[in-house]
Amino acid sequence: METKRRRTEEFPAEGSGAFGAMDSTELSVDGGYISDIYSNSDDEDLDDVGPWDKTMGMGKNAAEIRDPRRARLSWLGISDTAKPAAKAYDNAAWDFHGTKAKTNFPMEINKENKADHYHSSQQETCRSEITDDFEKEACFKGVKKRLMWRYDAVIRDPKTNRRVQLGTFDTAEEAAKMYDIAARKFRGPKAKTNFPMVINVENKVDDYHTIIRELNRKKDIVCLILSYPPLNLVSRERHKGWIMDVLVITHKVRQLKASSKEKEVNLPGLVSDITRLLYHSFHDIEAYIPHDMMEEMCKETIVGRTPKKEALNLTIDFAIRQILEYIEIPEFRRIEISGVDDIRFVSRLKNMPSIRNMFDIIILVSASNCRTIEEIEDSIARELGLSTLSTQQEVDELLKNKNFLILLNDIDCSIKLNDVRTNLCTLKNIQKIVSTSRFPRVNHIQVDLEIRLKDHLLSWELFYRNVEEVHSLSIDIQHQAIYVLKQCCGHLLATVLMAQALKGVNNVRIWEYSSHALQLLPPSQTEDRILFNALAFIWGLLGSTDQKCVKYCVSYLEREETDNVDLIGRWIKGGLIGSIDEGDGIIRNLVNALLLESCQNGNSVRMRDEIYRELVKLFKIEMNPMLLELGGMELREAPVEEAWKEAGRILLMDNKISKLPKNPHCPKLNILFLQVNHHLRVIPPFFFECMPILQILDLSYTRIRCLPQSLYKLVQLRKLFLKGCELFMDLSPEVGELSHLEVLDLEGTEIINLPATVGKLINLRCLKVSFYGYDYNSRKYHRLDRVIPKNVIANLLQLEELSIDVNPDDERWNVTVEDIVKEICNLNHLEALKFYLPKVVLLNDLMNAGLNLSLMHFRFTIGSHMKRIISRLPLEASVKFKEEERCLKYVNGEGVPTEVKALLQHATALFLDRHLTLTSLSEFGIGNMKNLKFCVLGECDEIGTIVDANNRDLVLESLEYLSLYYMKNLRSIWREPLGWDSLSHLKVLALYSCPQLTTILTLYVLRNVYNLEELVVEDCPEVNSILTHDVSAEDLPLLMGCLPNLKKISLHYMPKLVTIFGGVLIAPSLEWLSLYDCPNLKSLSHEEVGSNNLKVIIGGADWWSTLRWEKSESFQPSKLDSIFFPIERDTDFTTRLAEINDQLPALMQESKPSQQ
């Protein structure tokens, strides 16, 4: 049984004592008390006063008194000696009990100078003693004074009969005002408040249109937030009445404006009603969303980070979810979604099963060319099959007694949507008008609800506010962050919990694991699956002591709030922890993880109700299985079968395991990671037999040839990863039995064909497949004429990600591809597409299907070609190309097809491979390449220059990476001069094997590429200087400081290179200089190696020993020997360069002490 805390305001004397004071020299839990009782006073004159000393921690004396109004202790403060604490108690006792108060000292206080007495007492006692503010607290309802001279506002919710914490304030008046706001919300006109509600109507009458717009904007934000879990479960009813009141008063204002009777109404009364609605309390919402963030949303001033395209796709999902929730409410007749430029949005909404079941007639109108109400009315008539000459009465007669939905796509914001079909609004049937527009509506009262897509970046901004530094982590982690956010499904509390849990985590495996953990199906029913999974993930990250303390909090913690000292004392008494400091650390950890919530200025904690409920379920169903994490430990044998029994998640990736248990009993196992075990060749036939709830399985990068039959009995399996299994070629048709499968990933595992039974996996959201080149000489496959059977892709209507990687030599793909393109066009949820189109003409069907390529991830390879065994593409360029969001690879092209130019407008990466006729990249259209961040050109023999444009044109303004290789006739990269800001974002310039290239940088280009960070030039035999200029020696100082961000220069195999920058002092931030096989570079100047940041010089050992240095008084070449890394003549240059790159961090660390 829990030990109850026993405290009183009077303690028996030990030596000397007083009422209400305690010393905190020691902390114990003996007998249930929180402290030992004794006096540490040196004041002999207090010995006969009676029991007054109550001791607690660090040689200090604390004062407290029992409040007769609340029947609980009130904290008065701390002092260095006992006497001031006793006086603080006496002052409070006098306030509570008057002349009947039992005090430590005689109290003779004149009422007239009582305030002065308090003031002098305050100066003598500790900072938290009783003052005039105590009197203020006593006269305000719902206000409670706390430590540090601050005040809490608290109210009891009449529905739940539970206390609601409204906040902490600097003054009692501020706390009282917050109580009044909440009281009016809970009790309406009958609320007993501290202050009468005073509204300055005169100042608002002249601008009442502004405040009605402000009110509607606030209503739109609240409606949006209430569509997110968990607020849609816990707070909607509380705000429903307020939302309806806003709609009523908005409808009234709308009618007044339409009838021109604004001057005839009681305007001050109307403004007073509007203003009262503006004062509606949102404290329950602010428990999930920071107050400043909500204010910024309402004022439309929020400035967030630029989101990735995947996050923008999430906004569409969240907006549709909100529409489906509010479209059923009769009062919301006209809904507008702004920020939409995608026809697929309304098409997707139209085809929703719930929408089709709700309405008898659904009318989709393209309103982009409609400028008046009449034109929209005519378009509606045409969609109904009526003549444009039909009267409005004929249209109304057709719609009469029907539930209809009118979808207006891309409407002009200036059109008053409220005037469309106004004469039908009185019918009892469901009539809705939903419109989309590219821009937000200025006048909010024209619609009942405006949904702005950018407002649905709410969960994105919440996540990044809490995880903080994820934007500076690797690309892989940034991608995983998007997956985590997506799996949170907009759950605001789960989003913040996961962000806090992953804050500072640099291991991409943990990020990947977290996104999988959020998708698990709990073994029993729970109303909040996402929060349950988030808490289960966080629970697995906690240490054993933290876990014990959390369990104690769930079992014994008061539902209101618990004092930190009290809680730590309980933990110590229960043997959970050993010291106060350890308890403080655990409380901080749990508060940071949001498992506990700090209250009363950090002096107490409580647990959120929803977290408490899910943790109770977590422990009750024993969803606390062991996490067996043995990844990356070079294990050669799997754990023994006994270790598998209690495990819920087993991580055995990155090992050398070659053998698995034959039939492990795993009743709790839901995640199994076996990827990157290259020695694993065979999975035992009955290995999966006793894994009834396994949901996620990863067998990637193993050497298995087939899957055992027991795998196809995993009815709960939701994700199956088989990436990069080079010996796996046949996917069994039995895969169709995995009916709950959502992810099937065989990227890099080249199978012969996709079984037709995959079409039965209607829950698939992600399908990635790779196909092996067809062997026409094999009898085994002589009947296979298609890699993917017809209608397999068409059946997978939930697909969000599709990747099909084929061998371009496989003629079966030419037979299949046209049907696949048609099937893809019907996938309304598609967000990512990787595809090979052997003919440019096939691109037309994809472009005309309504796919919004600017919001998708895509990687298209276009053009017929043969698969190369050895690619000339530099490895670094290949890796970076795959990291881009929207990639276009155009192979063996001729001319400049219109389809390619149109696709290029959406692309962020271009790989032009072996184009046969192109002479300049500018032929694709400078305007079509404004979004390009990455560009690689290879073996395009006719290109003589990359950029050939008018000097006023803005050229490649977004480009960050440019790589050119094997360009036979390339003589210059750009013709000058370039327009301002052209190439202004370029960070990497890499040139390989360009035999005719003579000019790289000129003075005109130098001013544009000021953000350049890395320059690589290899095997360009005609280049004699990186910078070409004709500036006189006297004017050279004018060029100093150019290329301020250039950190790395690599010049290799340059037989005619004589100088780097021709004696110009540029690149002041240079850190890496690699010069190899440049025989004519016989001298270096101070200007070329004078950077104070230079850390590495790489070159041939013989070259370095014979190098001449230009004379300089301040320059000493001998100091560079310590940072020179030689390449010996017999050493492979590429291998040695890789070794230096790997060793560099350690070598730099070793060199630091010697440099100091």
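Placed above this text is the structure.
Report follows, based on the coordinates.

So, how was this worked out
Residues numbered from 1 in each chain as written. Predicted model: local features only at pLDDT ≥ 70, side-chain atom pairs only at ≥ 80, totals over all residues. Heavy atoms only, no water. Axes fitted to C-alpha atoms, helices over the stretch in contact; angles between N-to-C directions. Helix = DSSP H or I, 4+ residues; strand = E, 2+ residues; numbered from the N terminus. Parallel < 35°, antiparallel > 145°, perpendicular 65-115°, else oblique. Left-handed = near helix turned anticlockwise from the far one by under 90°. Contact = heavy atoms within 4.5 Å. Nonpolar A, V, L, I, M, F, W, Y, C, P; charged D, E, K, R; others polar. Buried < 20%, exposed > 50% of the residue type's maximum accessible area, 1.4 Å probe, protein only. Pairing = 2+ DSSP bridges. Salt bridge = Lys/Arg side-chain N within 4 Å of Asp/Glu carboxyl O.

## Section: the packing of helix α18 (residues 492-502) against helix α20 (residues 529-541)
A packed helix pair is summarised by two numbers, namely the angle formed by the two axes and the spacing between the axes. In the contact formed by α18 and α20, the axes pass within 9 Å of each other and the chain directions differ by 15°. Compared by their axis directions, α18 and α20 come out roughly parallel. Relative to α20, α18 is oriented so that their crossing is left-handed. Along its contact with α18, which presents L493, A494, L497, M498, A501 and L502, the element α20 presents I530, L531, A534, L535, F537, I538 and L541. The residue makeup of the contact of α18 with α20, split by class, is 13 nonpolar, no polar and no charged.

## A few points about the pairing of strand β33 (residues 1014-1018)
Counting buried positions along β33 gives four out of five residues, so the element sits mostly inside the fold. As paired strands, strand β31 (residues 988-992) and β33 are joined by five bridges and run parallel to one another. Bridging across to β33, A990 finds its partner in V1016. In this sheet, strand β35 (residues 1048-1052) lies alongside β33 in parallel orientation, the contact comprising five bridges. Looking across to β35, one finds that V1016 is bridged to S1050.

## Focus: the pattern of salt bridges
This structure, assessed with the given rule, holds 32 salt bridges. K713 is paired through a salt bridge with E689; the nearest N and O atoms lie 3.6 Å apart. Of this pair, K713 sits in the loop between β18 (696-698) and β19 (719-721) while E689 sits in the loop between β17 (671-673) and β18; the two residues are 24 residues apart in sequence, bridging distant segments of the chain. Look at K713 and you get exposed, because its relative accessible area is 56%. The salt bridge involving D913 is made with R914; its shortest N-O contact spans 3.0 Å. Taken as a pair, D913 and R914 share a single burial class, namely buried. A cluster of three or more residues bridged by salt bridges with shared partners is formed by K486, R718, E742, R765, E800 and E831.

## Regarding the sheet that holds strand β11 (residues 449-452)
The five strands lie next to each other as β8-β9-β10-β7-β11, forming an open sheet whose pairing is parallel. At either margin of the open sheet sits one strand with a lone partner, and together these are β8 (361-366) and β11. Each adjacent strand pair in this sheet contributes to an overall mean axis angle of 15°, direction not counted. Sheet topology places strand β9 (residues 404-409) next to strand β10 (residues 431-437); five bridges connect them, and they run parallel. Bridge pairing links L408 to S435 in β10. Against the sheet, helix α14 (residues 373-383) contacts β8 and β9, and its axis sits at roughly 130° relative to β8.

## Things to note about unusual backbone geometry
Of note, the amide linkage connecting P229 to P230 takes the cis form, showing an omega dihedral of 0°. Along the chain, P230 falls in the loop between α6 (208-225) and α7 (231-234). Within the chain, D410 stands out as a residue other than glycine whose phi angle is a positive 60°. Among the structural elements, D410 can be located in the loop between β9 and β10. Residues other than glycine seldom take positive phi values, yet L1043 does so here, at roughly 50°. Mapped onto the fold, L1043 is located in the loop between β34 (1027-1028) and β35.

In short, geometric facts, not functional conclusions.
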